[in-house]
Every structure is written in C-alpha cells, then in structure tokens.
Protein chains: 2
Amino acid sequence: MTKQPKYRQLADALRREIDNGTYPPGARLPSESELAARFEASRNTVRSGLNELVTQGLVASSQGLGYEVIKHEVFQLNASRFENLSFPQTGDAYSTDVTNAGRQPSQTFRVEMQPAPEYAAERLKVPAGATTVLRFCHRFVDDVPWSTQATHYPEWLLEKGPRLTEPGDIAEGTTRYLAGLGVEQVGYFDEIATRMPTPDEARLLEMGAGVPVMLWTRTGYSATAPIRCTVTTFRGDLNRMNYEIGDLSARSEDVVQ
Amino acid sequence: MTKQPKYRQLADALRREIDNGTYPPGARLPSESELAARFEASRNTVRSGLNELVTQGLVASSQGLGYEVIKHEVFQLNASRFENLSFPQTGDAYSTDVTNAGRQPSQTFRVEMQPAPEYAAERLKVPAGATTVLRFCHRFVDDVPWSTQATHYPEWLLEKGPRLTEPGDIAEGTTRYLAGLGVEQVGYFDEIATRMPTPDEARLLEMGAGVPVMLWTRTGYSATAPIRCTVTTFRGDLNRMNYEIGDLSARSEDVVQ
DNA sequence: TGCATCAGCTTGTACCAACAAGTTGAGCAA
DNA sequence: TTGCTCAACTTGTTGGTACAAGCTGATGCA
C-alpha cells in the first residue's frame, strides 16, 4: 500500500465515516476549518478532499450552509412492458410508474416544430434537418426535478394525428392516442447510455456536478415505419431502468428447486 | 446571463474548442502555464477550470505529460436477444458481440465459492450469506479494459452442472452449457443503473475518476427458479446498451409511409 | 554506437492570504 | 410582537509560493 496524499486520506476517512453512519444521510459535515484543525491540514487541502466526495456524489455543498451527506433514493422505472397497450392505463407511462410508487408526479410541457437533430433524423429515417414535431417535457416527482424528455415525431404523422401539436398534455398518452388513430406502435428499439451532465442538464435537473445522467433513447415503430424518437434524460443516482424479457413466471413465485 | 467565475469561463472556452475540433480527440491541450498566460489567470484558477473538464470526462491528465483530449468510441451492446438460444453461436455473448464489431476480445477468469452478497441473495432467492458459485471475469477489447463481470450461481445448480466450478472459460458459454443439462434460461430480468466508479473500479477499468460506470444486473430464470445473477460493470463512456422489443420489421426496411 | 545522466519541461500536492457571497440567529427598534 | 439590521458563521473565488514527481530529449561519456 503506497502512501496516499493527505487530501485523499481525508476523503477516505470521511467516506468511511459516512458509510458507517457517523454522518448519516442528511447530516451536515463539520465545516472546512474544523476539518482543517482535525486533520492538521490547510483549508485548501480539506477542500481538495471534500471535492472528491462531491465528485463521487456522496456529499453536496452549499455556500453559507456547509456540506451535507446526500441521501440516495432509487426509483425503479420499468421500461419493457408494452406502453399503454398490454393493459389498461389512464395516463402516460411516467405518471403510472410514479403514481404506483406512491409519489406525486407533475410536469411542464412545450411543443414546437423543429428541424430534426442528427440523432432523431437518423432514427426516424427522415432527411437531416427535416421538420419534426418536438414535444418537450420536464418532469418532477414530489416537486423534485426528475427527468427531461424530448420526443420527435415525423411530420407526416400530423395528417393522422393533428393533436400532436397541441400544447399541453394529451391525457391518455400520445402512444395510446396514435394507436386510436390507426398508427399503432408494434415495437421499439431502446438505447441506454450514460455520461456526465452538460451544464444545462445539471441546472434543469438540479443535480450535483458529480452525478451522471442516464440517457434513454426509445425509437418506436409501427408495422411500416418509425413513428417517434424519444430521448429521456434522468438523474443517474435516482433512477434504475428495468427490462423483463422472456418467461419470468419463476420471478414472482416462491422458489421450487 | 449572470457572470460566470473565471475558471468556468476558461472551462467553457476550452470545451467549445474541443467540440469544434481545435483540439481533436487525442490532441494535447496547452500546458497549465500557457493557459494561465492566455487567460490572464493564476495556475490555481486554470487548474480549477481543467478539473471541470476532467470531471466531465472530456480530458485526462498525466503527470509529466499534460492534458489529453479523450477519444471515445462507443461500443453497442445488444442486450435483448435471447442468449445462445434463438440462434447458433460458438462462444459466449460477449465474444460474439465484440467479434462481430471486428475487435479482438480477451478475458481473465476467476472462480470462487462465495457467500452471496445481499443483492445476489435477494435475486437468487437464497438466504443472505448462502454459498454461491462466483465466476468473475475481467474483459478486454483490443487489450483495453472494457468491463468486469461477476456472476453468482446458486449452490444447488452444481448438482446438475459441476463444470461451473472449473477454473477457466467454458467454451460454449455457461448459459448454453446449462441449457444442455436441462436447466434452460427461459427469461431474464435486467436492471441498468449508473453511478460514479469506486476507486477499485476506476483502477480495474483504467478510467478517469470523472467518467461514470454503467451497471448491468441480469437475473436469469429457468421455468421454476432463478439460476444466475450477473453484474457487469462497464465504462459508461464507451458502451451503450440496446434492447429490441416487439416487432421491429420496420427498422431494417426502407421506410414506406 | 550505445547508454546513462541530467536539464527542463510537465502535472501533483500543500501551504498561505484575502476578499466575495450566501445563511443564520442574536438583538435592537418600531 | 413583529420586522429589520448586522455580526458571525459558512463556502466560493482568486491570487500567490514552494517543492515533489513523472516524462522527454539533449548531452556527453564509455
């Protein structure tokens, strides 16, 4: 074991104390100057160590307040069931999942006609820059920012579903609305990626700079063509994506060897 | 637009120059002292700005060498096809995916009998601490560390598949091996999460501390019981997880409106 | 030629100082 | 009591200095 620099020893010591409950989630750490006295280090060195914990998403700092141990609370999102089609639902998939978890969903909407960005054009099989309907959605759970969602629809869909451009929510969910008009989503292709948030994303989701985002890109297909491309951006520390595939009857039952 | 601190202005300027190709992937940034002169800032301020870029995974620094712009080449992993069952394969799912991408896979193996950690016990429906077979695998693509994989099998499976404890690879893939013994995986439950790497993970995967990891937990089920729980840890910046669900015939065809 | 050494570059660690800016609670005034 | 001000805390930003440690190429010796 090679000798670690002082700021890292400090970070490791604090990490241990957070793990073992000396500083439980929600608790405040001692101030920088107190830690400096305890570890016989300068304030800058203490800040280097604390910065490591912030980067790892264990604590968050606020000017004037101090450092607070973050509480993580993971929210499970079931991504693989067939949206709105396999069983009855009243709202969209998000509201359903959140409500089932006993939480309060809310969201703000924005609808625009936009030239398709490269990723959307490619997936929707339209020329780059072609006009698309963009429905943008900023979602909250119990008033905490949870995700942003941008869905591009190809322009030709408007002939069949003019309400796509209506500002505001479509109560029964857009997938269900389109299915009622004969444009049924029969399959989808999901891509899941992760990266550090852009400054914009960090601001929108009110997340620490050291927490990754999860990007969920879903391209929905009718029997003949792609009909939508949705990119959802989650706080990575608060969400988990689930897929159920194949026969899972053994999952819910008691185990029989 | 409020005034940003100097170190952030510096980070934003460099980020733009990386994006627009002034510093392409693999290029070296100017040294800290050169940047200090250019931005009329102290070396400490420059380091704060560069640290932001490191945290966001855009650049990496090495002592004595300088700052290098990271090149990321994303590897797509198809997670939803039915492993080894729906079509013939020669090796395991990983080798197949990597080879199909024209890359050279390699891996190191380790097999142990281990008490089940909490997450595995829960998913395998065995008591916490019950003995399980742990097959641990460290995978490389073109000799670059790519992922670690830890699979727990319940102990009762050994009666049917004793080769599980053999050190070294099982050539045809464990899932296929078990299927040949009558323990067929008929479904699986996937969970995908993301977080910052632990120091150990950062070392094993040779990744910057500012790059998130992607955790892929797959629990496989036979018709009657869970038969394995696999946790794969990826570099988040180099991997993307794909799921194909439902009828995707429209995906590969030319579009017909 | 071949090899060891070292100067001169790079980043890493650690310290000090000063002031800006956000938060809170004590205490005073209406 | 209510409400305001302000002192005393907190972290945020920016400057400075010094030395440690890693890398590279030039230099010079064998």
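Higher on the page you've got the structure.
Just so it is clear, the structure is predicted and the values come from calculations on it, not from any experiment.

Conventions used here
- Residues numbered from 1 in each chain as written.
- Chains lettered and ligands numbered in written order.
- Predicted model: local features only at pLDDT ≥ 70, side-chain atom pairs only at ≥ 80, totals over all residues.
- Heavy atoms only, no water.
- Near = heavy atom within 4 Å.
- Polar contact = N/O pair within 3.5 Å; in protein donor to acceptor, adjacent residues only side chain to side chain.
- Helix = DSSP H or I, 4+ residues; strand = E, 2+ residues; numbered from the N terminus.
- Nonpolar A, V, L, I, M, F, W, Y, C, P; charged D, E, K, R; others polar.
- Phe/Tyr/Trp six-rings, centres within 6.5 Å; stacked < 30°, edge-to-face > 60°.
- Buried < 20%, exposed > 50% of the residue type's maximum accessible area, 1.4 Å probe, protein only.
- Least-squares fit on C-alpha atoms with pLDDT ≥ 70 in both.
- Axes fitted to C-alpha atoms, helices over the stretch in contact; angles between N-to-C directions.
- Parallel < 35°, antiparallel > 145°, perpendicular 65-115°, else oblique.
- Contact = heavy atoms within 4.5 Å.

Some details on the protein's contact with DNA strand D
For DNA strand D, the set of nearby residues contains 24 residues, the closest of which are R43 and S61 of chain A together with K6, N44 and T45 of chain B. The share of sugar and phosphate among atoms of DNA strand D within 4 Å of the protein is 64%. For DNA strand D, a phosphate oxygen lies 3.0 Å from a polar atom in the side chain of S31 of chain A. A distance of 3.3 Å separates a base oxygen of DNA strand D from a polar backbone atom of G64 of chain A. Of all the elements in the fold, those that place two or more residues in the surface near DNA strand D are α2 (32–39), α3 (43–55), β1 (59–62) and β2 (66–69) of chain A together with α1 (6–19) and α3 (43–55) of chain B. Partitioning the surface near DNA strand D into residue classes produces 5 nonpolar, 13 polar and 6 charged.

What about the packing of aromatic side chains?
Applying the stated criterion across every chain, the model contains 3 aromatic pairs over all chains. Look at W216 of chain A and F234 of chain A: their rings are 6.2 Å apart centre to centre, the planes differ by 20 degrees, and that puts the pair in the stacked class. Within this pair, whereas W216 of chain A is found in strand β8 (residues 213–221), its partner F234 of chain A is found in strand β9 (residues 226–235), the two being separated by 18 residues in sequence. Judged on exposure class, the residue W216 of chain A and its partner F234 of chain A are both buried. Ring centres 3.7 Å apart and planes at 5 degrees place the aromatic pair Y243 of chain A and Y243 of chain B in the stacked group. Taken together, the residues span two chains, with Y243 of chain A in strand β10 (residues 239–246) and Y243 of chain B in strand β10 (residues 239–246). The burial state of Y243 of chain A is the same as that of Y243 of chain B; both residues are buried.

Considering the relation of the copies chain A and chain B
Expressed as a screw operation, the relation of chain A to chain B combines 0.2 Å of axial shift with a rotation of 180 degrees, fitting to an RMSD of 0.2 Å. Such a combination of turn and shift is consistent with a two-fold rotation axis. Among all residues of chain A, the minimum C-alpha distance to the rotation axis is found for P212 of chain A, at 3.0 Å.

Focus on the packing of α1 of chain B against helix α2 (residues 32–39) of chain B
Residues and elements named next belong to chain B. Viewed as axis vectors pointing N to C, α1 and α2 meet at an angle of 110 degrees, and their least axial separation amounts to 12 Å. Comparing the axis directions of α1 and α2 gives the class roughly perpendicular. Within the contact between the two elements, α1 uses K6, L10, A13, L14 and E17 and α2 uses L35, R38 and F39. Taken together, the residues of the contact of α1 with α2 sort by class into 5 nonpolar, no polar and 3 charged.

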